[in-house]
Amino acid sequence: MAKLDELVTVLKAAGEDTRLRLLALLADGDHSVKDLTEILKQSQPRVSRHLKLLADAGLIERNAEGAWAYYGLAQDGDAAALAQWLITRVDDTDIERSRDIERQQAARTNQQARASEYFAKVAGSWDLLKTLHVPEEAVEAAVVDALGGRRVETLIDLGTGTGRMLEVLADSYRRGIGIDSSREMLAVARSRLASAGINHAQARLGDIGDVDLTAGPADVIVVHQVLHYFDDPGRMLAQARRLLKPGGEMIIVDFAPHDLEFLRSEHAHRRLGLSQSQMSGWAAAAGLVVEAVREFPSQSSERGLTVCLWRLSDKT
């Protein structure tokens, strides 16, 4: 139970129009200050001040990533429970709220469009580009090891890109499906699969942020170097969870937290890596549990990136 003065502080923090709108927006996923200023049509100092009050009251959490910070609803504690209670009572048809929802969707659409433009530019050299940042051979071997020598019925590779994971894991599935929103990437993937004689896998055009359930259910879902392109990786993970069979597994590969801002400005990254605590929280919210984690430090001291592989399993 919360002490009286603590509860009053929480109530004061939540009891303001803009701050209640912020709570409702963050209930639908993490956002940066920049996103929230665009959605609310308010100045950065004003939005930042409101966010600080909410964070100080324990209603939301702040995760710093280089020069940016992302905010999301707090997951634990009395303040978090109160925030959830308040959000369920917000009327989405309210004029201000409906405008916020519309602008939120527009912001996400614009972010996805920018990422798609980037992928179209680099599709032909994507695998070469990845080798600049990742100890790829070691990671690919670890992905294969994560399946433990099994051959599953259906494997789905979300954000398949050039289809590299479908190729690497070709002996591990009877039916493989790679989904990506970039036609240019899919053209490369289809060519690669055909050249390798992999006829039990196919590449499909689709939105991995709003998955088509007819692709599943899958025994294993692979999400390889994809989540950092999303403002809210947890939302993407929850979408992917919908494609998973009961008792199924996910293999997630992505960067550990880093401060290389050029990856955001020049390579369309939205998140500068994912922490172990973030992954555990997102997994739990999606009904999954982190079974194992492996880390692969960079081979280049200049870049200093570490790659992580998480193996997640369905808790049901």
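All values derive from a computational prediction rather than experimental measurement.

### Considerations on the packing of helix 2 (residues 17-26) against helix 3 (residues 33-40)
Between two packed helices, the angle of one axis relative to the other and the distance separating the axes together describe the packing. One way to put it is that helix 2 packs onto helix 3 with a least axis distance of 12 Å and a crossing angle of 120°. Judged on the interaxial angle alone, helix 3 and helix 2 are oblique. Considering the relative orientation of helix 2 and helix 3, their crossing is right-handed. Here Thr18, Arg21, Leu22, Leu25 and Leu26 of helix 2 come into contact with helix 3, specifically with Leu36, Ile39 and Leu40.

### Things to note about the sheet that holds strand 10 (residues 307-314)
An order of 6-5-4-7-8-10-9 is seen for the seven strands of this open sheet, with the pairing classed as mixed. Unpaired on one side and paired on the other, strand 6 (201-205) and strand 9 (288-296) mark the two borders of the sheet. Within the sheet, the average angular offset between the axes of one strand and its neighbour, ignoring direction, is 20°. Pairing of strand 9 with strand 10, which is carried by eight bridges, proceeds in the antiparallel orientation. Bridging across to strand 10, Leu288 finds its partner in Asp314. Helix 11 (residues 233-241) contacts strand 4 (152-158), strand 7 (218-224), strand 8 (244-255), strand 9 and strand 10 of the sheet and is inclined by roughly 150° relative to strand 8.

### Observations regarding the environment of Arg21
Of note, Arg21 is situated in helix 2. On the basis of relative accessibility, which here comes to 11%, the residue Arg21 falls in the buried class. Measuring from C-alpha to C-alpha, the distance between Arg21 and Asp100 comes to 7.9 Å, with 79 residues separating the pair along the chain. Look past the residues within four positions of Arg21 in its chain and what remains in contact with it is Leu40, Gln42, Glu96 and Asp100.

### Concerning the pattern of salt bridges
All chains considered together, the criterion is met by 13 salt bridges. When the shortest N-O distance is used, the salt bridge between Lys34 and Glu38 registers 2.8 Å. Highlighted residues: Lys34 and Glu38, both in helix 3, separated by four residues, approximately one helical turn. Residues joined in a network through salt bridges with shared partners are Asp17, Arg21, Glu96 and Asp100.

### Quick word on the nonpolar core
In terms of nonpolar packing, the biggest core is built from 29 residues, with Ile156, Leu158, Ile221, Met250, Ile252 and Leu312 touching the most fellow members. Of all the secondary-structure elements, those providing two or more residues to this core are strand 4, strand 5 (173-180), strand 7, helix 11, strand 8, helix 13 (276-285) and strand 10. Leave out the neighbours within four places in its chain, and Met250 touches Ile221, Leu237, Ala240, Arg241, Leu244, Leu288, Trp310, Arg311 and Leu312.

What counts, and where the lines are drawn
Residues numbered from 1 in each chain as written. Predicted model: local features only at pLDDT ≥ 70, side-chain atom pairs only at ≥ 80, totals over all residues. Heavy atoms only, no water. Axes fitted to C-alpha atoms, helices over the stretch in contact; angles between N-to-C directions. Helix = DSSP H or I, 4+ residues; strand = E, 2+ residues; numbered from the N terminus. Parallel < 35°, antiparallel > 145°, perpendicular 65-115°, else oblique. Left-handed = near helix turned anticlockwise from the far one by under 90°. Contact = heavy atoms within 4.5 Å. Pairing = 2+ DSSP bridges. Buried < 20%, exposed > 50% of the residue type's maximum accessible area, 1.4 Å probe, protein only. Salt bridge = Lys/Arg side-chain N within 4 Å of Asp/Glu carboxyl O. Core = buried A, V, L, I, M, F, W, Y, C linked by side-chain atoms within 4.5 Å.

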